[in-house]
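# Coordinate inspection notes
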Amino acid sequence: MEVKLKLAGDTLVVRLRGELDHHAVNGLRSKIDTKLPQVKNILFNFNEVGFMDSSGLGLVLGRYKIVSEKGGKVVACSLSPGVNRVFELSGLQSKIPLYSTEREALNSV
Amino acid sequence: MDNYMKLEIPSKSQNESFARVAVAAFAAQADPTIDEITDVKTAVSEAVTNAIIHGYENGPGIIAITASLTGRTLEIIVVDYGVGITDIEQARQPLYTSKPELDRSGMGFTIMESFMDQCRVVSKAGEGTTVSMSKVFGDIDNKMS
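So, a few notes on the structure that sits alongside this text. Just so it is clear, the model here is predicted, and its values are computed rather than measured. (Residues numbered from 1 in each chain as written. Chains lettered and ligands numbered in written order. Predicted model: local features only at pLDDT ≥ 70, side-chain atom pairs only at ≥ 80, totals over all residues. Heavy atoms only, no water.)

## Quick look at the overall build of chain B
Operational definition: Counting from the N terminus, the helices are the DSSP runs of H or I reaching at least four residues and the strands are the DSSP runs of E reaching at least two. Think of it in three bands: residues with accessible area under 20% of the maximum for their type are buried, residues over 50% are exposed, and the middle band is partly exposed, with areas taken using a 1.4 Å probe on protein chains only. Throughout, a contact is declared for two residues whenever any of their heavy atoms are within 4.5 Å. Reported accessibility uses the Shrake-Rupley method at a 1.4 Å probe radius. Residues are deemed covered only where the shown protein chains occlude them. For this count, His and the chain ends are skipped, Lys and Arg are scored as positive, and Asp and Glu as negative. Taken as the charge location is NZ of Lys, CZ of Arg, CG of Asp or CD of Glu.
When helices and strands are tallied, chain B shows four helices and five strands. Counted from the first residue to the last, chain B has its helices and strands arranged as β-α-α-β-β-α-α-β-β. Structurally, chain B occupies a C-alpha span of about 40 × 30 × 25 Å along its principal axes. A buried classification covers 52% of the 145 residues belonging to chain B. Sequence-distant contacts in chain B: of pairs separated by 6 or more residues, those separated by 24 or more amount to 64%. A total of about 6900 Å² of accessible surface is found on chain B, and carbon and sulfur atoms cover 53% of it. Charge centroids of chain B, computed over 12 positive and 20 negative side chains, lie 3 Å from each other.

## Description of the side chain of arginine 63 of chain A
Applicable threshold: By the criterion applied in these results, polar contacts are pairs of N or O atoms within 3.5 Å in which, for protein atoms, one can donate a hydrogen and the other can accept it, and in which residues neighboring in sequence qualify only through two side-chain atoms.
Its place among the elements puts arginine 63 of chain A in helix H2 (residues 54–68). Judged by its relative accessible area of 2%, arginine 63 of chain A falls in the buried class. Within the structure, the side chain of arginine 63 of chain A is placed 2.9 Å from the side chain of aspartate 103 of chain B, a separation counted as a polar contact. Beyond its immediate sequence surroundings of up to four residues, arginine 63 of chain A is in contact with Arg29, Ile32, Asp33, Leu36, Ile42, Phe44 and Val74 of chain A together with Asp103 of chain B.

## Overview of the pattern of salt bridges
Two side chains that carry opposite charge are able to pair once their charged atoms sit near each other. What counts is decided by this rule: In what follows, salt bridge is the name for a side-chain nitrogen of Lys or Arg lying within 4 Å of a carboxyl oxygen of Asp or Glu.
The tally for this structure, following the rule as stated, stands at 13 salt bridges over all chains. Here arginine 15 of chain A makes a salt bridge to glutamate 102 of chain A, at a shortest N to O gap of 2.8 Å. With arginine 15 of chain A in strand E2 (residues 11–20) and glutamate 102 of chain A in helix H4 (residues 102–108), the pair connects residues that are 87 residues apart, well separated along the chain. Residue class for glutamate 102 of chain A comes out buried when judged on its relative accessible area of 15%. Salt bridges sharing common partners tie together Arg29, Asp33 and Arg63 of chain A together with Asp103 of chain B.

## Quick look at the sheet that holds E2 of chain A
Residues and elements named next belong to chain A. As a reminder, the rule being used: Any two strands between which DSSP finds at least two bridges are classified as paired. Interaxial angle, 0 to 180 degrees, is taken between N-to-C directions of lines fitted to C-alpha atoms, where a helix line uses only the stretch in contact.
Read across the open sheet, the five strands follow the order E1-E2-E3-E4-E5; overall the sheet is mixed. Among the strands making up the open sheet, the edge pair consists of strand E1 (2–8) and strand E5 (98–99). As judged from the seven bridges shared by E1 and E2, these two strands associate in the antiparallel manner. The partner of leucine 7 across the bridge, within E2, is leucine 12. Sheet contacts for helix H3 (residues 81–90): strand E3 (41–52) and E5; angle to E3, the most-contacted strand, approximately 120 degrees.

## As for the nonpolar core
Applicable threshold: Among buried residues, those of type Ala, Val, Leu, Ile, Met, Phe, Trp, Tyr and Cys that are joined through side-chain atoms within 4.5 Å constitute a nonpolar core.
Ranked by size, the top nonpolar core spans 35 residues in total, and within it Val48, Ile63, Ile65, Leu74, Ile76 and Met133 of chain B carry the most contacts. For this core, the secondary structure elements donating two or more residues are strand E1 (3–10), helix H1 (15–27), helix H2 (34–55), strand E2 (62–70), strand E3 (73–80), helix H4 (108–115), strand E4 (118–124) and strand E5 (128–136) of chain B. Per-element accounting of this core gives the leading share, eight residues, to H2 of chain B. Residues contacting valine 48 of chain B, with those up to four places away along its chain left out, are Ile9, Glu16, Ala19, Ile63, Ile65 and Val78 of chain B. Counting 31 residues, the second-largest nonpolar core is a separate cluster that includes Val25, Phe44, Phe87 and Ile96 of chain A.

## Digging into H4 of chain B
Most of H4 of chain B is tucked away: six of the eight residues are buried. Among all positions in H4 of chain B, only Gly108, Phe109, Thr110, Ile111, Met112 and Phe115 of chain B are buried. Buried residues along H4 of chain B sit in contact with H2 and H3 of chain A together with H2, helix H3 (88–92), E4 and E5 of chain B.

## A short note on the pairing of E3 of chain B
Residue and element names in this part refer to chain B. Both E2 and E3 contribute to a ladder of eight bridges, which runs antiparallel. Within the sheet, the bridge partner assigned to threonine 70 lies in E3 and is threonine 73. Here E2 folds back onto E3, and the loop between the two strands holds two residues, one of which, glycine 71, carries a positive phi near 60 degrees. In this sheet, E5 lies alongside E3 in antiparallel orientation, the contact comprising eight bridges. Looking across to E5, one finds that leucine 74 is bridged to lysine 135.

## Observations concerning the side chain of asparagine 15 of chain B
Structurally, the position occupied by asparagine 15 of chain B is in helix H1. For asparagine 15 of chain B, the contacting residues outside a window of four places in its chain are Ile9 and Pro10 of chain B.

Below you can see the structure in the form of structure tokens.
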């Protein structure tokens, strides 16, 4: 799992690449969390994520709990059909709006 | 049963991807669709991750995975010899997790139930957990989910 982190104003853009499972999340979480004090919102870009299970949901939900306490938002974009099904099943899209492109997602925060 | 495979792996998170890819590669001989293969991979990933995090609480242990094909019916059995689940009903509730501090979503069993046709859980405290799942490929009734 690779991750690219970019600051866009007060939003942390997290571009993920690879398969997002429990093993991958263990390596990712601290990389993301060290940046959180600098930002208000998080954007997860799933464009290059070919596989995600409930551990990926847990990563997103956990970051949502952190930033929403400070009034921040979490948004996500570019979900493959497989990743989208896991999201839909969880009902998480009521908390985390999904967009088709990173630009749309950025404009929403 | 037409064909089967058995896999034994140590309880290490690196093996999650290996386990799901191995079962998916075995299942490929029944000519599933890409969506069906994704369902199988996701369900295996959930069962193996549960064994690692909950069964063995991130400690050492052995996970046994069996997959078998009868016609176009795939059956998968994931066994751990860990702590077991005391309240299976509660564990299966959507969004319930015994480990919220670990950023768990509580969606593991819901995903296994939704992505496979059947999911049975047998567990005994101190002895371990067996998750048995099955899926019929090309079953139009199950394409609606």
